[in-house]
Amino acid sequence: MTNPVVQKVNPMLTEERAKASFPVEELTYILDGGKFNTEKRREIEELVTKDPNFEHPPIQFMTREQQYSLAVKKALLVQQRLKELDMLDDPYASYFFRRIAMPREVSPIGLHWVMFVPTLMGQCSDEQRERWLQRALNYEIIGTYAQTEMGHGTFLRGIETTATYDPSSQQFVLHSPTTTSIKWWPGGLGKTCNYAVVVAQLHTQGRCHGVHMFLVQLRDESTHRSLPGVVCGDIGPKMGYHTIDNGFLQLNSVRIPRENMLMRNAEVQPDGTYIRRVSNEKLTYGTMVFVRSLIVSDAARGISEAATIAVRYACVRRQGEPSSPGAPEPRLLDYPVHQYRLLTCVANCYGLWFASEVLRDLYFTVQPDVLEGRTERLPETHALSAGLKAVGSNRGAACVEECRRCCGGFGFSEASGLPKIYNDINPACTYEGENTVMLLQTGRHLLKCVERARRGEQLAPSDAYIRSRPTPQPKLAGGPLTADLLLGWLRWRSLSMLLEVSGRFNSFIEQRQAWADAFQAVSRRLTRCAEAHCILYVGQAFLDSAKAAENPKICGVLTSLCRLFLLNEVVSGAGDVQLSRSDLARCQDAIDSLLTELRPNAVALVEAFDLPDRMLCSVIGRYDGQVYEAMLQWARQSPLNATDVHESYELYTRQFLAGRSLAKL
Ligand SMILES: CCCCCCCCCCCCCCCCCCCCCC(=O)SCCNC(=O)CCNC(=O)[C@H](O)C(C)(C)COP(=O)(O)OP(=O)(O)OC[C@H]1O[C@@H](n2cnc3c(N)ncnc32)[C@H](O)[C@@H]1OP(=O)(O)O
Ligand SMILES: Cc1cc2nc3c(=O)[nH]c(=O)nc-3n(C[C@H](O)[C@H](O)[C@H](O)COP(=O)(O)OP(=O)(O)OC[C@H]3O[C@@H](n4cnc5c(N)ncnc54)[C@H](O)[C@@H]3O)c2cc1C
């Protein structure tokens, strides 16, 4: 454990920790991808924890402007420290350094790392990369990814910003022709960035060639003033993300050199001739595929934080009727329904964690081919990253909210850390492609897979279970409800749902409906198919990882947790297909038994995530479990408590009590 024990540990937590049936440390190694990684991560966490420059009062007591300023300072300080430590070229080290240094401050420079730099890497010609990448890595230029406009986010082809080529000056003219074409949302665009990758409709020689990307300078590199023709600013307060300046951008005939079009996949020549270098025009959407795959692991990490807080709290919080006279009140974790609420969140977290690793490996296997123009596995990668992004962020937000509610009133206090975790994860349901729209992309791919199966074509590995004919339902009655059996049932469910929807779709086509209309007619059902397909992927990744654990005790506990995940899916998806009442009852009984079996390991399973107090920022999720004293200390920091009598009393209440009118005050 990296947690320094500040106070005496609450004996109730010590007691729970002693119940672990497996070596927690070894599970941490598995989650980190090896002992070496765990040790390295801890060293980095130690470096940050010891650095007083990263200390400050809780940001929840600060104004938005203070929060933003602090976040800019910390983001730049992180960069300086990483340089001093010679860690800039190590993505693992710099990721964890950023995370632990800014645990609850979404970075105003985050988009630079997550989208701007990857876009330069993926969409630039070699020569352009040479010109801009190093400057971006050094923060000489800080950029964002400006795609969404007021009028269009989802329907990317509907974007209105224009980039019109002028051969006489060999420049593009970037222009926002309407109010709805104003860029809206890009992270860091308001105040922080001086450059942006702008997505615009390319016009040359009187023709529009669709959306392309352009590097546009927004602010002077020395004064940081916005350049002529550039109108940009912050879009105002949001539900969360207070530390980041999501911005707007209006371009009034801003001229940029021809060479600032990102030219890896297409080019405009000096005379204005347009040349497309690759056949698949969706390669322009590449950065989004990358970020969607990151969001799945981010969702798992969000649940791991919320679950650690809520499980620890459930061990130290006593409330309710004692089981016998004189006995203490029960702990929250003693209630089976509370165990169910928390352990299903933990199970979702592990499932998404392992699935995100498989997806990341798929992305990095396929990406070099894609860069060379070989796009055979791109449809599968796009469908999986879109669908898992949706399922991951939906589950992430739902589980964090469940953990928050599991903490009762304290869960509503910012002191718990939970509102912030929720508000940080929730926008992931919207950004990088709204979740329903993403599920429809996966659904579209699955419909096409059935068609291809019918034609006898080979399908990608994650689609290989799709056939053009139904398979028999695996029997849940009789033998034990093993993870393999349950997974087989979920595979059958996914295929059955898909074949039913595909059958309806084909009947609409046979009735001579247009493809798009038939698609709309089945779209509601298709989103469920996409979810079922993604859940199957998560379940498979979970079970594979459980089986791969060398230590039999870890293998055992992970398999049980995986069974809980799978059974919960079978039960909650029972309405999608036919499941007999007796099968359903067997599954419910199995869930009850698993809760009893897993309960002693509840703390161990969340503590395997090895999240230091510095990361959790939670009064009620502390390692030492000393919740109540810490809660009082937290409240004392509220600026409202700076004086005994607040100034509003003199200004208003006293006047009111004296019968004076408040109208003109
Ligand atoms: C070096 C150090 C590195 C350090 C790194 C440090 C790392 C630190 C990590 C920390 C963790 C970070 C966590 C994350 C935080 C992130 C914050 C992000 C903030 C948010 C940013 C944003 O929010 S940024 C805007 C995103 N805005 C969208 O997301 C628009 C959605 N809207 C669409 O994306 C399109 O509009 C939509 C619907 C597809 C239709 O597009 P469309 O109309 O053109 O296409 P159609 O539907 O007609 O489809 C026609 C055919 O294209 C195929 N296809 C479609 N897309 C494809 C694709 N991408 N790839 C391949 N194929 C594709 C499809 O499958 C069809 O194929 P087929 O014809 O064969 O069926
Ligand atoms: C915190 C945050 C950060 C962001 N950062 C960036 C950024 O850095 N850069 C950037 O370019 N953008 C950014 N965005 C914008 C984001 O990508 C878009 O908000 C997102 O893609 C959704 O688009 P929209 O807002 O136009 O929603 P809309 O498309 O208007 O969606 C509204 C509703 O309609 C539904 N809907 C829309 N189309 C369909 C359809 N075809 N079928 C069925 N239902 C449909 C959606 O499911 C949704 O529920 C950010 C957004 C947020 C919230």
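Residues numbered from 1 in each chain as written. Chains lettered and ligands numbered in written order. Predicted model: local features only at pLDDT ≥ 70, side-chain atom pairs only at ≥ 80, totals over all residues. Heavy atoms only, no water.

Identification of the protein as Acyl-coenzyme A oxidase from Macrostomum lignano is taken from an unreviewed UniProt entry. Word for word, the UniProt comment on the protein under Sequence similarities (unreviewed entry) is "Belongs to the acyl-CoA oxidase family." Quoted verbatim from the Subcellular location (unreviewed entry) field of UniProt, the annotation for the protein is "Peroxisome". (UniProt positions renumbered as here; feature names shortened; annotations may be inferred.)

Undergrad: Could you give me a rundown of the domain arrangement of the protein, with the residues and numbers involved?
TA: Segmenting the protein into domains produces domain 1 (143-279) and domain 2 (283-625). Here the C-alpha centre of domain 2 lies 36 Å away from the C-alpha centre of domain 1. Residue-level contacts link 13 residues of domain 1 with 14 residues of domain 2. Together, the buried faces of domain 1 and domain 2 total about 1,200 Å²; carbon and sulfur atoms form 60% of this surface. Here domain 1 is connected to domain 2 by zero salt bridges. Inspection of the domain 1/domain 2 interface yields two residue pairs in polar contact (both at pLDDT 80 or more). (Domains from an automatic or database assignment. Contact = heavy atoms within 4.5 Å. Buried area = accessible area lost by both parts, 1.4 Å probe. Salt bridge = Lys/Arg side-chain N within 4 Å of Asp/Glu carboxyl O. Polar contact = N/O pair within 3.5 Å; in protein donor to acceptor, adjacent residues only side chain to side chain.)

Undergrad: So, the sheet that holds strand β4 (residues 183-184): which residues are in play, and what are the values?
TA: Within the open sheet, the three strands sit side by side as β4-β8-β7. Their pairing is antiparallel. Strands with a single pairing partner mark the edges of an open sheet, and in this sheet they are β4 and β7 (230-234). In this sheet, strand β8 (residues 247-251) lies alongside β7 in antiparallel orientation, the contact comprising five bridges. Residue V231 lies in a different strand from β8, and its bridge partner there is Q250. (Pairing = 2+ DSSP bridges. Helix = DSSP H or I, 4+ residues; strand = E, 2+ residues; numbered from the N terminus.)

Undergrad: Any chance you could break down empty space enclosed by the protein for me, citing the residues and the numbers?
TA: Applying the stated criterion across every chain yields a total of three cavities of 30 Å³ or more. Estimated volume of the largest cavity: approximately 130 Å³. Around the largest cavity, the lining is made up of 14 residues, and of these R41, F96, R99, R301 and L611 lie nearest the centre. Here the lining of the largest cavity gets three residues from one element, more than from any other, and that element is helix α5 (residues 91-101). Along the lines of polarity and charge, the residues of the lining of the largest cavity split into seven nonpolar, one polar and six charged. Taken as a whole, the second largest cavity encloses approximately 70 Å³ of empty space. A class-by-class count of the residues in the lining of the second largest cavity yields three nonpolar, four polar and one charged. (1 Å grid on protein atoms, 1.4 Å probe; cavity = no way out; pocket = protein on both sides within 12 Å on 5 of 7 lines; lining within 4 Å. Points joined across faces, edges and corners; volume = space filled by probe spheres on them. Nonpolar A, V, L, I, M, F, W, Y, C, P; charged D, E, K, R; others polar.)

Undergrad: Residue-level account of the site of ligand 1, with values.
TA: Around ligand 1 there are 30 residues in total, and T154, K282, Y285, R444 and K448 lie nearest to it. With respect to ligand 1, the side chain of Q147 contributes an N or O atom lying 3.2 Å from a nitrogen atom. At a separation of 2.9 Å, an oxygen atom of ligand 1 approaches a polar backbone atom of E432. In the complex, the protein chains occlude 79% of the 1,500 Å² of accessible area that ligand 1 would expose alone. Breaking the shell around ligand 1 down by element, the ones donating at least two residues are α6 (110-123), α8 (286-316), α10 (378-406) and α13 (435-454). It is α8 that contributes the most residues to the shell around ligand 1, seven residues altogether. In the shell around ligand 1, the residues fall into 16 nonpolar, seven polar and seven charged. No fewer than three residues from each of domain 1 (143-279) and domain 2 (283-625) sit in the shell around ligand 1. (Near = heavy atom within 4 Å. Areas by Shrake-Rupley, 256 points an atom, 1.4 Å probe, with all protein chains shown as cover.)

Undergrad: Pulling in residues and values, what's your account of the packing of helix α9 (residues 336-371) against helix α17 (residues 581-598)?
TA: Closest axis-to-axis distance for the α9/α17 pair is 10 Å, and the angle between their directions is 85°. The angle between α9 and α17 falls in the class roughly perpendicular. Counted together, P336, Q339, Y340 and L343 of α9 and I591, L595 and L598 of α17 form the full contact between these two elements. Class assignment for the residues of the contact of α9 with α17 results in six nonpolar, one polar and no charged. (Axes fitted to C-alpha atoms, helices over the stretch in contact; angles between N-to-C directions. Parallel < 35°, antiparallel > 145°, perpendicular 65-115°, else oblique.)

Undergrad: Can you break down the pattern of salt bridges residue by residue, with the values?
TA: A complete count under the given rule lists 46 salt bridges for this structure. For R135, the salt bridge identified is with E221, shortest N-O distance 2.6 Å. With a gap of 86 residues between them, R135 in helix α7 (residues 126-137) and E221 in the loop between β6 (207-217) and β7 connect regions that are remote in the sequence. Taking the relative accessible area as the measure of exposure, R135 reaches 26% and is therefore partly exposed. Linking R395 and E569 is a salt bridge whose minimum nitrogen-to-oxygen distance equals 2.7 Å. With a gap of 174 residues between them, R395 in helix α10 and E569 in helix α16 (residues 552-572) connect regions that are remote in the sequence. Overall, R395 belongs to the partly exposed group, its relative accessible area being 22%. We classify E569 as buried; its relative accessible area is 5%. The structure contains a network of salt bridges with shared partners spanning E15, E16, K19, R331, D334 and R599. (Buried < 20%, exposed > 50% of the residue type's maximum accessible area, 1.4 Å probe, protein only.)

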